[in-house]
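In case you want the letters, here they are:
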Amino acid sequence: MTTYTTARKSYWPHILKQWAITSIPILLIIIILSYFITIKDVTYWIFGSLSLMQFVSLMDTPRNYKVIIDEDSRTLTQYHRCPLSGEGEKMFTLSKVRLYVITHTSSSNIAATDVKALKLYKDHREALKLDIKSDGFKSETLYEISQVLEKLGVPISI
């Protein structure tokens, strides 16, 4: 069994950053517009509730933190956690799967520093997505996962 874990210790900085990227510019626009036109209090309540809904949605998104590949039984186990619903796991057999490697460049050579994300499709449906930004895996770790899956006979597309 081979275990790969994320480099990210906490997901809170990523969640707060994603929330701030959309909420702060909209709030600044509302504040600037309030100097030129009269904005009703309802606008602030609408913005506040939409911003809160987005924050809860970001908190409820499961984030992958560990992947275990069992070469003997040809399975891949994904462990994920989420601040609202806790931890969970999914197990995939490596039959009828295809791996898509998303790289920074469009070249056909895969290097350890070029891998941006991995998508595992099972029966033409996306079963697993490992990403640098949302999950916190390093490019080198994603490259190692793709190499192990290629060694196990999983077809890989770039």
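Predicted, not measured: the structure shown is a model, and the values here were computed from it.

A closer look at a nonpolar patch on the surface
A cluster of nonpolar side chains, contributed by Ile24, Leu27, Leu28, Ile29, Ile31, Ile32, Leu33, Tyr35, Phe36 and Ile37, occupies part of the molecular surface with about 1000 Å² of accessible area. Note that leucine 28 resides in helix 1 (residues 12–36).

Thoughts on the layout of surface pockets
A volume near 230 Å³ is recorded for the largest pocket. What lines the largest pocket is a set of 13 residues, and nearest its centre among them are Thr61, Pro62, Asn64, Lys129 and Asp135. Going through the elements one at a time, strand 2 (63–70), strand 3 (75–82), strand 7 (125–131) and helix 3 (132–135) are the ones with two or more residues in the lining of the largest pocket. It is strand 7 that contributes the most residues to the lining of the largest pocket, 4 residues altogether. Split by residue class, the lining of the largest pocket holds 3 nonpolar, 5 polar and 5 charged.

Focus on helix 2 (residues 41–60)
Over its 20 residues, helix 2 extends 29 Å from the first C-alpha to the last, a length consistent with the 28 Å expected when each residue adds 1.5 Å. For helix 2, the set of buried residues is Phe47, Ser51, Phe55, Leu58 and Met59. Down the axis of helix 2, the sector holding all buried residues measures 105°, keeping them to one side. Residues Val42, Trp45, Leu50 and Met53 are exposed on helix 2 and point more than 90 degrees away from its buried face. For helix 2, the elements touching its buried residues are helix 1, strand 2 and strand 3.

Thresholds applied
- Residues numbered from 1 in each chain as written.
- Predicted model: local features only at pLDDT ≥ 70, side-chain atom pairs only at ≥ 80, totals over all residues.
- Heavy atoms only, no water.
- Patch = residues over 30% accessible without salt bridge, like charges linked within 9 Å, V, L, I, M, F, W, Y side chains within 5 Å.
- Areas by Shrake-Rupley, 256 points an atom, 1.4 Å probe, with all protein chains shown as cover.
- Salt bridge = Lys/Arg side-chain N within 4 Å of Asp/Glu carboxyl O.
- Helix = DSSP H or I, 4+ residues; strand = E, 2+ residues; numbered from the N terminus.
- 1 Å grid on protein atoms, 1.4 Å probe; cavity = no way out; pocket = protein on both sides within 12 Å on 5 of 7 lines; lining within 4 Å.
- Points joined across faces, edges and corners; volume = space filled by probe spheres on them.
- Nonpolar A, V, L, I, M, F, W, Y, C, P; charged D, E, K, R; others polar.
- Expected span 1.5 Å × (residues − 1).
- Buried < 20%, exposed > 50% of the residue type's maximum accessible area, 1.4 Å probe, protein only.
- Arc of directions from axis to C-beta.
- Contact = heavy atoms within 4.5 Å.

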